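Summary of structural features
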Amino acid sequence: MGGYWGTQARDEHTSMHSTQHRSAITMLAPATGLIGVFILLPMLLTIWLSFQSWSTQTGFETATFVGIQNFIDIFASNSVGRDFKAALVNTAIYTVLSVAIILPLSVLLGLLVHQKLAPGGVFLRTVLFSTYMVPMIAVALVFSKLYSPTEGPLNQILGWIGIPPQTWLSSPQTALVSIVLLNVWQQVGYFTVLAVAGLTQIPDSLYEAARIDGANPVQRFFAITLPLLGNTLLFSAVICIINAVQVFEPVALITQGGPVNATNVLTFHIRRVGIERAQGGLGSAMAVTLMLALIVAIAALFAFARSREGKTQ
Amino acid sequence: MLFRASLGAVGTVAVLLSSTALVQAADVSFLTHWAPDTVAKLEAAAATYTAAHPDTKITVRAVPFGDLLTTLRTSGGGAGGATIAGIYDAWLPDLSKDKLVAPVPDAIAADTKANWPAGVIGAASIGGVLYGIPNEIDVYALNYNKKLFAEAGIAEAPKTWDEFLAAAEKLTDKSKGQQGFGLINSWAAGVLHPFSSLLVSNGGDLVVDGKPTLDSEAAKQTFELYEKLIKSGYSDPAMATADANTTGPFLDSFVSGKTGMIIMANWWESALKAGMGDAFADVATAPIPVGPSGDTARSISYSWMTVVNAKAPADEQAAAWDFLNWLNGPESGPNGASAMGDILMSMGILPSRTSDGVAFADRLSSDPFLKGYTETLANAKPFPVVLGGQEFSESLQKTLEAIQFGQLSAADAQATAQADATEILARNAAK
């Protein structure tokens, strides 16, 4: 009897488990299906295409397998390789500069708008965030005129204080930095709001205790504010890197990658190769390389954050 | 009986409705890079056509020049893309190789071949098959500011490179932020075409029989001319930048009287008029100065054409060809000109149809700006139309910009340009 009831209980348990399993699959299917179709499938397709020779304008059936030739080509010494490597370096410089300027500036501005000593914090926050809401097409149009070497207001203002005209977008030495400054102007408000959100999470009691212990504002910033903003800054850094790597509009609208390819970042270059020249295989190999570089950069950032956490614990 | 009659009536209505639906299915879209005022003229011409052809609906879509090829590549070539597109002849080999453009139907092709110059027909054909109806022809000439010439004591436009350099020197005045000759950067055609015009006016060529010839003596002298313009300070690369709309500091510098000379195509007459207003009267045009290895003033030319999407439904393609045949035909415009010719002339662009040249002869000969171009046209060499033309152009653009910014010497630029062009053209031809 015991065996019978035991077997029946097991069967019921298995049946219930199976039902639950089916329910879970049924409930998860729409979400995972959508992710699979709209995220994983295009990614897998791009990876597959990176090993093919394929004209973007023809069907996938015309793709021919070329092994790792596309990856060899994009790192070769001919014009294909030189242009790709230059675009990779430009993207890296743009990303590093953007993160290095935006994050400290967002914390600084966050402290400014978060303080309660002077009125106007909310107004300042709104003004800062408003730059993030302006469409890039408008920003690009305005900045292309602001940066104009002969007619631009920026050089005219510099002239009033005795600074000679700058080349801004018109020289390979300054063009990429000028695009970075445009990015900083547009994005810093968003990251300031993130910094303010982080600052509001720090208990006032910690500052009071530090004040009682005689800590000055600088000491309080480095001992309390910065360590407790760690998670916010990590999140900000990840978003900032992803945004920077995906830069496209200002380059497409203002510089077209020039002069001398100084602003030819990877997303713009991939469009040029993969779409304008219809070299879909090469473009896909570039996209896969960019994706790998981004994964490595983000993983390194998390590893760095974890090692810092380990040291402080 | 009544039931039968009703059934018959319903059937007749259904047949009529279905045939009407079939006729009304010709929904033709036209992709162009023209400015809004020119688009309005095209829409007006389309409205005239549809008044007589109510079964066809024509819509015009405009994108900036910098986005035209991308738009064609992304959406223009699909079944849902534009039915008609205006394209630059250098793009045709790649577009026809990918079977994105449909051959011109035989009857219209025969008519087109009979009414356009053979050179223009050649630029719109691949392997003897005509793929588009040509419309505009563009040629390059020297544009100069007569007021600045007078201030610098220069009596007439330079005819040789020596005279050109002497004029550039006199026109350069750094205290006024004024340059003698304006180069262009960040725009492939804007960089390449003036260089190519100087090269052919020096007896050279970019490509001969599909092979680059940038290693010639004529090319060497042209690279050296660029180096001299930069090193002498006659050209300031900081005033040379262009944006996606082919405007920007290089245009601003010329329209504001900070640039003495520039080599540009006839189509930018409308941009100059818009930017300069009354000061446009100060602009004059002249043939490209002749280099030490050249025999006569030459220039390069290129053409544009309208093509039809090969993936569009057959009835849409047929309606598109019928509209294009009318638009480019002698019945659609004033005084025996085509409507297309009339639209082009409004922008200062030379129509390529032979009868348009006759219809607009008075305007062409009396327009002092276009005179410099029409004088050059007979000796112009077509810009090479090859597979991989866009990649070739962008590669040479980068090399020429590197000279502009002192990153390459003339000798290194020549060697790089020839090596890159050889590899690019060979790779694309082999695909």
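All figures in this text were calculated on a predicted structure; none of them were measured in a lab.

Helix and strand counts for chain B stand at 19 helices and 14 strands. For chain B, the spread of C-alpha atoms along the three principal axes comes to 100 × 50 × 35 Å. Here chain B holds 431 residues, and 58% of them are scored as buried. Taking as baseline every contact in chain B between residues at least 6 positions apart, the subset at least 24 positions apart corresponds to 74%. Carbon and sulfur atoms provide 58% of the accessible area of chain B, an area that totals close to 16,500 Å². Across chain B, the mean location of the 29 positive side-chain charges is 2 Å away from that of the 46 negative side-chain charges.

Right, let's talk about the pattern of salt bridges for a bit. Per the counting criterion, the structure on display carries 18 salt bridges over all chains. Where Asp205 of chain B meets Lys381 of chain B, a salt bridge forms, and the shortest distance between an N and an O atom there is 3.0 Å. With Asp205 of chain B in the loop between helix H9 (188-200) and strand S8 (207-208) and Lys381 of chain B in strand S14 (residues 380-382), this pair connects stretches of sequence that are 176 residues apart. A residue is classified by how much of its surface remains accessible, and Asp205 of chain B, at 24% relative accessible area, is partly exposed. Take Lys381 of chain B: its relative accessible area is 23%, and that puts it in the partly exposed class. A network of salt bridges, in which partner residues are shared, links Arg272 and Arg277 of chain A together with Glu391, Glu394, Glu423 and Arg427 of chain B.

On to the domain arrangement of chain A. Residue and element names in this part refer to chain A. Along its sequence, chain A is organised into domain 1 (2-49) and domain 2 (77-312). Inter-centroid distance (C-alpha atoms) of domain 1 to domain 2 is 42 Å. At the junction of the two partners, domain 1 supplies 4 residues and domain 2 supplies 5 residues. Regarding the contact of domain 1 and domain 2, the summed buried area is about 350 Å², with carbon and sulfur atoms giving 80% of it. In terms of surface lost to domain 2, no three residues of domain 1 exceed Thr46, Ile47 and Leu49, which account for 82% of the buried area on that side. Our count for the domain 1 to domain 2 interface comes out at 0 salt bridges.

Take the interface of chain A and chain B next. Every contact between the two is made by 34 residues of chain A and, on the other side, 40 residues of chain B. Between chain A and chain B, a total of about 2,900 Å² is buried, with carbon and sulfur atoms accounting for 47% of that surface. Per-residue buried area on chain A facing chain B is highest for Gln57, Val260 and Glu276 of chain A; these three make up 23% of the total on that side. In this assembly, chain A and chain B are joined by 7 salt bridges. Of the charged contacts, one joins Asp420 of chain B and Arg82 of chain A as a salt bridge, the two residues approaching to 2.5 Å between their closest N and O atoms.

Next up on the list: unusual backbone geometry. Residues and elements named next belong to chain A. The peptide bond linking Gly258 to Pro259 adopts the cis configuration, its omega dihedral lying at -10 degrees. By the secondary structure assignment, Pro259 is in the loop between helix H11 (249-255) and helix H12 (266-276). For Val260, which is not glycine, the phi torsion reads 50 degrees and is therefore positive. Looking at the element boundaries, Val260 is found in the loop between H11 and H12.

Tallying each qualifying case throughout the model produces 31 aromatic pairs over all chains. With a centroid separation of 5.2 Å and 35 degrees between ring planes, the pair formed by Trp54 of chain A and Phe60 of chain A is classed as tilted. Relative to Trp326 of chain B, the ring of Phe323 of chain B lies with its centre 6.1 Å away and its plane at 25 degrees, an arrangement referred to as stacked. Of this pair, Phe323 of chain B and Trp326 of chain B both sit in helix H13 (residues 314-327), 3 residues apart, roughly one helical turn.

The share of residues in chain A with pLDDT of 70 or more is 95%, and the mean pLDDT across the chain is 89. Considering each helix and strand of chain A separately, the mean pLDDT is smallest for helix H1 (residues 2-49) of chain A, with a value of 78, and largest for helix H2 (residues 69-74) of chain A, with 96.

Moving on: helix H2 (residues 36-52) of chain B. Residue and element names in this part refer to chain B. Helix length check: H2 (17 residues) gives 25 Å between terminal C-alpha atoms against 24 Å at 1.5 Å per residue, within 8%. Listed in full, the buried residues belonging to H2 are Thr38, Val39, Leu42, Ala45, Ala46 and Tyr49. When H2 is viewed along its axis, its buried side chains cluster within an angular range of 120 degrees and face the same direction. Opposite the buried face of H2, at more than 90 degrees from it, the exposed residues are Pro36, Asp37 and Ala51. Those residues of H2 hidden inside the fold are in contact with strand S1 (26-32), strand S2 (56-62), H13 and helix H14 (339-346).

This part takes up the domain arrangement of chain B. All names here are of chain B. We note that the domain assignment places domain 1 (24-137 + 302-366) and domain 2 (139-301 + 385-430) within chain B. Centre-to-centre, using C-alpha coordinates, domain 1 lies 29 Å away from domain 2. Taken together, the contact pairs 17 residues of domain 1 with 20 residues of domain 2. Buried surface at the junction of domain 1 and domain 2, both sides included, amounts to about 1,500 Å², of which 59% is carbon and sulfur. Along the contact surface separating domain 1 from domain 2 lie 0 salt bridges. On inspection of domain 1 and its partner domain 2, the count reaches 4 residue pairs in polar contact (both at pLDDT 80 or more). Every element with two or more residues in the side of domain 1 that touches domain 2 is listed here: helix H3 (65-76) and helix H4 (92-97). Residues belonging to the side of domain 1 that touches domain 2 are distributed by class as follows: 12 nonpolar, 2 polar and 3 charged.

On to the environment of Val180 of chain A. Residues and elements named next belong to chain A. Mapped onto the fold, Val180 is located in helix H7 (residues 175-200). Taking relative accessible area as the criterion, Val180 reaches 1% and is therefore assigned buried. Between the alpha carbons of Val180 and Ser98 there is a distance of 6.0 Å; along the sequence they are 82 residues apart. Ignoring any residue separated from it by four or fewer positions in sequence, one finds Val180 in contact with Tyr94, Leu97, Ser98 and Ile101.

Here we come to the packing of helix H3 (residues 79-114) of chain A against helix H10 (residues 230-245) of chain A. Residues and elements named next belong to chain A. Packing of H3 against H10 leaves a shortest axis separation of 9 Å and a crossing angle of 145 degrees. For the pair H3 and H10, the sense of crossing is right-handed. Residues Thr91, Tyr94, Thr95, Ser98, Val99, Ile102, Leu103 and Val107 of H3 pack against Leu233, Ser236, Ala237, Cys240, Ile241, Ala244 and Val245 of H10.

Moving on, we come to helix H9 (residues 217-228) of chain A. Residue and element names in this part refer to chain A. In a regular helix each residue adds 1.5 Å, so 12 residues correspond to 16 Å; H9 covers 15 Å between its end C-alpha atoms and thus fits that length. If you check which residues of H9 are buried, you get Arg220, Phe221, Ile224 and Thr225. The buried residues of H9 occupy an angular sector of 125 degrees when projected down its axis, which confines them to one face. H9 presents Val218, Phe222 and Ala223 as exposed residues on the side facing more than 90 degrees away from its buried surface. Next to the buried residues of H9 lie H3, H7 and helix H8 (204-212). N-cap assignment for H9: the residue whose side-chain oxygen lies 3.1 Å from the backbone N of Val218 is Asn216.

Definitions and cut-offs
- Residues numbered from 1 in each chain as written.
- Chains lettered and ligands numbered in written order.
- Predicted model: local features only at pLDDT ≥ 70, side-chain atom pairs only at ≥ 80, totals over all residues.
- Heavy atoms only, no water.
- Helix = DSSP H or I, 4+ residues; strand = E, 2+ residues; numbered from the N terminus.
- Buried < 20%, exposed > 50% of the residue type's maximum accessible area, 1.4 Å probe, protein only.
- Contact = heavy atoms within 4.5 Å.
- Areas by Shrake-Rupley, 256 points an atom, 1.4 Å probe, with all protein chains shown as cover.
- Lys, Arg positive; Asp, Glu negative; His and termini not counted.
- Charge placed at Lys NZ, Arg CZ, Asp CG, Glu CD.
- Salt bridge = Lys/Arg side-chain N within 4 Å of Asp/Glu carboxyl O.
- Domains from an automatic or database assignment.
- Buried area = accessible area lost by both parts, 1.4 Å probe.
- Phe/Tyr/Trp six-rings, centres within 6.5 Å; stacked < 30°, edge-to-face > 60°.
- pLDDT = per-residue confidence, 0-100.
- Expected span 1.5 Å × (residues − 1).
- Arc of directions from axis to C-beta.
- Polar contact = N/O pair within 3.5 Å; in protein donor to acceptor, adjacent residues only side chain to side chain.
- Nonpolar A, V, L, I, M, F, W, Y, C, P; charged D, E, K, R; others polar.
- Axes fitted to C-alpha atoms, helices over the stretch in contact; angles between N-to-C directions.
- Left-handed = near helix turned anticlockwise from the far one by under 90°.

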